[in-house]
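# A structural walkthrough
Here is how the chains run, residue by residue.
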Amino acid sequence: MSKIKSLTKKQLFLPIFSMILVMLVNVIYDIACGNPPLSFFQIATQTTTSGNTILFGRLIDVLNRGSEVAILAIGMTLVVSASAGTDISVGSVMSLSGGLCCMLLAGYGVTNVSEYKVPLIVGILAGIALAVVCGIFNGFLVAYLNIQPMVATLILWSAGRAIGLLLCNSAIVYVRVPSFQFLGSYCGFLPTPILVAALCILITALVLKFTAVGTFVQAVGINKKAARISGFNSSKIILICYAVCGLCAGIAGIVATSRIYSADTNNIGLNMELDAILAVALGGNSLGGGKFNLAGSIIGAYTIQAITTTLYALKVSSAQAPVYKAIVVILIVVIQSEPVKAYFKKLSAKKAAAKEAN
Amino acid sequence: MDSNIALTMRGICMTFPGVKALDNVDFTLKKGEIRALMGENGAGKSTLIKCLTGVNKFEAGEIHVDGIEGPIINKDTMDAQKKGISTVYQEVNLCPNLSVAENLYIGREPLTKIGTVNRRKMNQMAAQLMKDLDLDIDVTQNLEEYSLALQQMIAIARAVDMESKVLILDEPTSSLDDNEVEKLFGMMRRLRDQGVGIIFVTHFLEQVYAVCDGITVLRNGTLVGEYSVEELPRVKLVAAMMGKDFDDLASIKPEGINDFSKVPLEIEAKGLSHPGTIKPFDLDIHKGEVVGLTGLLGSGRSELARVIYGADKAHTGTLKVDGKEVKIKAPIDAMNLGMGLLPDDRKAEGIIGDMSVRENIVLAMQAKQGMFKKIPMAKQIEIADKFIDMLQIKTASRETLIKQLSGGNQQKVILARWLATEPDFLILDEPTRGIDIGTKTEIQKLVIKLAEEGKSVIFISSEIEEMLRTCNRMAVLRDGMKVGEIGMEEMTQEGVMHAIAGGDHHE
Ligand SMILES: Nc1ncnc2c1ncn2[C@@H]1O[C@H](COP(=O)(O)OP(=O)(O)O)[C@@H](O)[C@H]1O
Ligand SMILES: [Mg+2]
């Protein structure tokens, strides 16, 4: 009993618990449909028309589709921790970076090309660089002008997508070159987005492990004044977090654009900021800033994707899916809220007392 | 229950992970009595009080309150409040961004007929309450506009205003100056005469004898005894708290250098100022010298030190460190020049609450090394253990969150944070506030030891006695201005008082 209790206190309990719950729903669903009970976890191989062997299955699908949110969750975790606020512009910035990338590759005003105007790498780097600039802009407003994060990032939330649309001359720009599709399709037998996300996570994890970046960010997030007196440049650290968040949005934007080999600026990254914030919360991180747990956010991100995929598997239409997601969000928020926590604490205390009385 | 008794606690036991915080403690409080609850840091005073107010759940024992049948267990502070037990905690626990009036009536706001908060009435009531207590405060201002001292007074006013049989004051005086302490004592005596029982926790021994009727002493979570003030004079009280004979605290002053004129300067400040807090001042500090800053609370003691350190940026003047002119834009610049600052507001500017003792100790060192050069874990552990041992920090482990430590132990952690950076010049702003007498002496000895090693120190304290014991020289401040200096020969309790109060000499 006490073991279970100490387990529920661990920060990773919530995300892992939710993940398992989602998987359980899948297993039950499969049994109900007469499928093999573990078909959610089944990974099969398939040969594509071009002769490549690739992996597929629902689990692969979750990992694949969840890549963007997972990448965004890295930056969002840092932003939440350092500034006790969220960057709601990431979805728009994704679209903007994808838009710039495609515009450069196709040339302004051209909507459909089958060869590059500039080298691919230039387009990608420019798109990501613009996203970093957006992050720095957000960070400057928050850290140096003391504007509330929600308000500061609201600017690019609305303007980012619009600028992207302008860059693309209000059209969908198609880049029909196979190498452009690489980031959004397959690398060998695995979907490339999985590898991109894994690489981002790995680099972040290594940086957190071998440098003191985590300490810097968290010290500022927990007590900005005390951190300053102890020699930290709080404003600079917050700015860096927003810049990294922009970088993540840029990478996610390029992946998302590559998936559909076109800059559909109206739809790329749409509402993605909500999933990213939710991933952080689901990871057991306080949206009030301070201590953070990156692993939690990442698991949170894939859990959200698992929920979405499950809903589609359950034949819920994509228009209705947000309703069910909302229910999940409400549940999580309620479970995490202080009164509910206190209630469960009291309940277990009562049980213990009753036991002692016996 | 005896009709004379306001409160009894019997056999209270309480354990924190790794610490037996209370072991079978009894406590009795009569009506119309002010009883001091004494003990060193970590003795369990705050814990006992929190058991009483329902913040902590005790494992064994009984609490009885006058007028209520049978033993009571409070669910939380609100519940305790309903039973007539009001508390003011060690650290101000109000909302800085609400108005004073809102803070006073939070949770019990007067309502209008339609059920919204009646602000006019609330402000009127609050203003009246402030007037009754002789406090000059605009109740519509945000709480944060006022000094820590006034915030503390407001917290007390809030507790006093609610019909109480038992009033608990957990180190309310640590941030008050003499004048304000006197006001508080007036308030306490008035309440005592109305029959309220008051539990008073303080680290200032003279206050015990100024206002209390009885003394209860705790040590290491156990009861040492319950006494009347007459039967426990100062020396015996200290002995009871420390569990050993009183070693003479006055004898720690070194024989060392008294004439610093030939010693090189560490700090040379000329015309430094910060608008609104401190007017231009000059200050020289020699290597190995301890300079005290004295003056009333709010006279600019902390502010002067903060300008040198760059916590507040200097607007005018020049600063030389070790003979070289330097520009300090932010604390990190000062740190790189070998400075450190232990701030007076421990909660707001000292501790990183959600980090462990270890992380808090290596924090400044890590900041100096920069973001990308992490101090290896083995080294962090070594440093943390060294200081936990050296300063005798009472903590369940080095990985315990600092916010779970008692105030004095938190202070030691912050001190360790600076000692770990091996500074040449250390600014200590109220380093012994809220700390027990034994540790106080340790810190004073440490300051003197640092000076002997050739390090310079600015020492700020509200207790003149302890400044006299540690400082070689003192600078006097009044209304945000440095008005003079006091050398060794004039450094007596009286001389300092005169200088602070102003008058003809020392100007
Ligand atoms: N929340 C807590 N968790 C763990 N240990 C605690 C907690 N609060 C207090 N303690 C420990 O209990 C002991 C008594 O602390 P406290 O009552 O705050 O002492 P005092 O107020 O007398 O200085 C100390 O050893 C302290 O470290
Ligand atoms: Mg205490």
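Now for a description of the structure that goes with this document.

## Quick word on the overall build of chain A
In terms of helices and strands, chain A carries 16 helices and seven strands. When the 358 residues of chain A are sorted by exposure, 50% land in the buried category. As displayed, chain A offers around 16800 Å² of accessible surface, 70% of which is attributable to carbon and sulfur atoms. For chain A, the distance from the average site of its 24 positive side-chain charges to the average site of its 10 negative ones is 13 Å.

## Things to note about the overall build of chain B
For chain B, the count of helices and strands is 17 helices and 19 strands. In terms of overall dimensions, chain B is globule-like: its C-alpha atoms have a radius of gyration of 24 Å, near the 23 Å expected for 507 residues. Each principal axis of the C-alpha distribution contributes one length, and for chain B these read about 70 × 50 × 50 Å. The burial tally for chain B puts 57% of its 507 residues in the buried class. In chain B, the share of contacts with a sequence separation of at least 24, taken over all contacts with a separation of at least 6, comes to 65%. As displayed, chain B offers around 21600 Å² of accessible surface, 50% of which is attributable to carbon and sulfur atoms. Here chain B holds 61 positive side-chain charges and 76 negative ones, and the gap between their average locations is 4 Å.

## Re the packing of aromatic side chains
Residues and elements named next belong to chain A. This structure, assessed with the given rule, holds four aromatic pairs over all chains. Arg 176 extends its terminal NZ or CZ atom over the ring of Tyr 174, reaching a point 4.6 Å from the ring centre. Over the face of the ring belonging to Phe 210 we find Lys 209, whose NZ or CZ atom lies 5.7 Å from the ring centre.

## Some words on the sheet that holds strand E9 (residues 222-228) of chain B
All names here are of chain B. The mixed open sheet is built from six strands, whose spatial order is E5-E6-E7-E3-E8-E9. Looking at which strands have only one partner, the edges of the open sheet turn out to be strand E5 (85-88) and E9. Taken pair by pair, the neighbouring strands of this sheet meet at an average axis angle of 15°, ignoring direction. Of the pairings in the sheet, the one linking strand E6 (residues 166-170) to strand E7 (residues 197-201) comprises five bridges and is parallel in character. What sits directly across from Val 166, in E7, is Gly 197.

## Considerations on the environment of Gln444(B)
Residue and element names in this part refer to chain B. Tracing the backbone through its elements, the reader meets Gln 444 in helix H15 (residues 437-452). In the structure, Gln 444 is positioned 52 residues away from Val 496 in sequence and 19 Å away in space, judged by C-alpha atoms. A polar atom in the side chain of Gln 444 sits 2.7 Å from the side chain of Glu 466.

## Describing the interface of chain B and chain A
Interfaces are often described in size by the accessible area the parts lose on coming together. Contact with chain B, which involves 30 residues of that partner, is made by 23 residues of chain A. Taken together, both faces of the contact between chain B and chain A bury some 2000 Å²; the carbon and sulfur share is 67%. The largest share of the area that chain B buries against chain A comes from Ile352(B), Met371(B) and Lys374(B), three residues that together contribute 29% of it. Counting across the interface, chain B meets chain A through one salt bridge. The partner of Lys291(A) in a salt bridge is Glu359(B), and the shortest N-O contact between them spans 3.5 Å. Run the count over chain B and chain A and you get eight residue pairs in polar contact (both at pLDDT 80 or more).

## Comments concerning unusual backbone geometry
Backbone phi values are negative for most residues with the exception of glycine, while trans is the configuration of most peptide bonds. Residues and elements named next belong to chain B. The backbone phi angle of Gln 392 is positive, close to 50°, even though this residue is not glycine. Mapped onto the fold, Gln 392 is located in the loop between helix H13 (377-390) and helix H14 (407-419). Judged by relative accessible area, which is 61%, Gln 392 ranks as exposed. Even without being glycine, Glu 430 reaches a positive phi, approximately 55°. Overall, Glu 430 belongs to the buried group, its relative accessible area being 5%.

## Quick look at the site of ligand 1
All names here are of chain B. The environment of ligand 1 is formed by 13 residues, the closest being Gly 42, Gly 44, Lys 45, Ser 46 and Thr 47. In the environment of ligand 1, an oxygen atom lies 3.3 Å from a nitrogen or oxygen atom belonging to the backbone of Ala 43. For ligand 1, an oxygen atom lies 2.5 Å from a polar atom in the side chain of Thr 47. For ligand 1, whose unbound accessible area comes to 570 Å², protein coverage reaches 85%. Sorting the residues of the shell around ligand 1 by element identifies strand E2 (19-30) and helix H1 (45-53) as the ones contributing at least two each. With three residues, the top contributor of residues to the shell around ligand 1 is H1. Taken together, the residues of the shell around ligand 1 break down into four nonpolar, seven polar and two charged.

## Focus: a nonpolar patch on the surface
Residues and elements named next belong to chain A. Side chains of Leu 199, Leu 202, Ile 203, Leu 206, Val 207 and Phe 210 sit close together on the surface and give an oily, nonpolar patch of about 570 Å² of accessible area. If you trace the backbone, Ile 203 turns up in helix H9 (residues 192-210). On the accessibility criterion, Ile 203 (48% relative accessible area) is partly exposed.

## Points about the sheet that holds strand E1 (residues 5-16) of chain B
All names here are of chain B. With antiparallel pairing, three strands are arranged side by side in an open sheet as E2-E1-E4. Every other strand in the sheet has two partners, leaving E2 and strand E4 (60-65) as the edge strands with one partner each. Between one strand axis and the next, the sheet turns through 10° on average, direction left out of account. Bridge analysis of E1 against E4 gives five bridges, and the strand direction is antiparallel. Along E4, the bridge assignment pairs Arg 10 with Glu 62. Where H1 meets the sheet, its contacts fall on E1, E2 and E4, and the angle it forms with E1 comes to roughly 115°.

## Details of the packing of helix H4 (residues 67-83) of chain A against helix H10 (residues 213-222) of chain A
All names here are of chain A. Across the interface, H4 lies against H10 with an axial gap of 6 Å and an inter-helix angle of 45°. In terms of orientation, H4 and H10 fall into the oblique class. Counted together, Leu 78, Ser 81 and Ala 82 of H4 and Val 217, Gln 218, Val 220 and Gly 221 of H10 form the full contact between these two elements.

## Some thoughts on the side chain of Asp170(B)
Inspection of the secondary structure puts Asp170(B) in strand E6. Only 2.9 Å separates the side chain of Asp170(B) from the side chain of Ser46(B), close enough to count as a polar contact.

## Observations concerning the nonpolar core
Of all hydrophobic cores here, the largest spans 164 residues; its most connected members are Ile308(B), Tyr309(B), Leu319(B) and Met339(B). If you tally residues by element for this core, the top one is helix H12 (residues 234-259) of chain A, at twelve residues. Here this core spans two domains, and each of domain 2 (263-338 + 423-501) and domain 3 (350-422) of chain B adds at least three residues to it. Those residues in contact with Leu319(B) that sit more than four places away from it in its chain are Ile267(B), Glu268(B), Ala269(B), Leu272(B), Ile308(B), Lys324(B), Glu325(B), Val326(B), Ile328(B) and Met339(B). Counting residues in each nonpolar core, the second largest holds 54 residues, with Ile137(B), Ala149(B), Val196(B) and Ile215(B) among its members.

## Quick word on a positive patch on the surface
A contiguous patch of positive charge on the surface is contributed by Lys346(A), Lys350(A), Lys57(B), Lys75(B) and Lys82(B). Tracing the backbone through its elements, the reader meets Lys346(A) in helix H16 (residues 338-357).

## Notes on the state of the cysteines
All names here are of chain A. Counted by the stated rule, this structure contains zero disulfides over all chains. The cysteine Cys 102 is free of any disulfide, with Cys 101 supplying the nearest cysteine sulfur at 5.2 Å. Residue Cys 102 is classed as buried on the basis of its relative accessible area, which comes to 0%.

## Looking at the pairing of strand E19 (residues 481-486) of chain B
Residue and element names in this part refer to chain B. Note that strand E18 (residues 473-478) and E19 share five bridges and pair antiparallel. Counterpart to Met 474 in the pairing with E19 is Ile 486. Counting the residues that bridge the hairpin from E18 to E19 gives two residues, and of these Asp 479 lies at a positive phi of roughly 45°.

Scoring rules and cut-offs
Residues numbered from 1 in each chain as written. Chains lettered and ligands numbered in written order. Predicted model: local features only at pLDDT ≥ 70, side-chain atom pairs only at ≥ 80, totals over all residues. Heavy atoms only, no water. Helix = DSSP H or I, 4+ residues; strand = E, 2+ residues; numbered from the N terminus. Buried < 20%, exposed > 50% of the residue type's maximum accessible area, 1.4 Å probe, protein only. Areas by Shrake-Rupley, 256 points an atom, 1.4 Å probe, with all protein chains shown as cover. Lys, Arg positive; Asp, Glu negative; His and termini not counted. Charge placed at Lys NZ, Arg CZ, Asp CG, Glu CD. Rg over C-alpha atoms; globule rule 2.2 N^0.38 Å. Contact = heavy atoms within 4.5 Å. Phe/Tyr/Trp six-rings, centres within 6.5 Å; stacked < 30°, edge-to-face > 60°. Lys NZ or Arg CZ within 6 Å of the ring centre and 35° of its normal. Pairing = 2+ DSSP bridges. Axes fitted to C-alpha atoms, helices over the stretch in contact; angles between N-to-C directions. Polar contact = N/O pair within 3.5 Å; in protein donor to acceptor, adjacent residues only side chain to side chain. Buried area = accessible area lost by both parts, 1.4 Å probe. Salt bridge = Lys/Arg side-chain N within 4 Å of Asp/Glu carboxyl O. Near = heavy atom within 4 Å. Nonpolar A, V, L, I, M, F, W, Y, C, P; charged D, E, K, R; others polar. Patch = residues over 30% accessible without salt bridge, like charges linked within 9 Å, V, L, I, M, F, W, Y side chains within 5 Å. Parallel < 35°, antiparallel > 145°, perpendicular 65-115°, else oblique. Core = buried A, V, L, I, M, F, W, Y, C linked by side-chain atoms within 4.5 Å. Domains from an automatic or database assignment. Disulfide = S-S within 2.5 Å.

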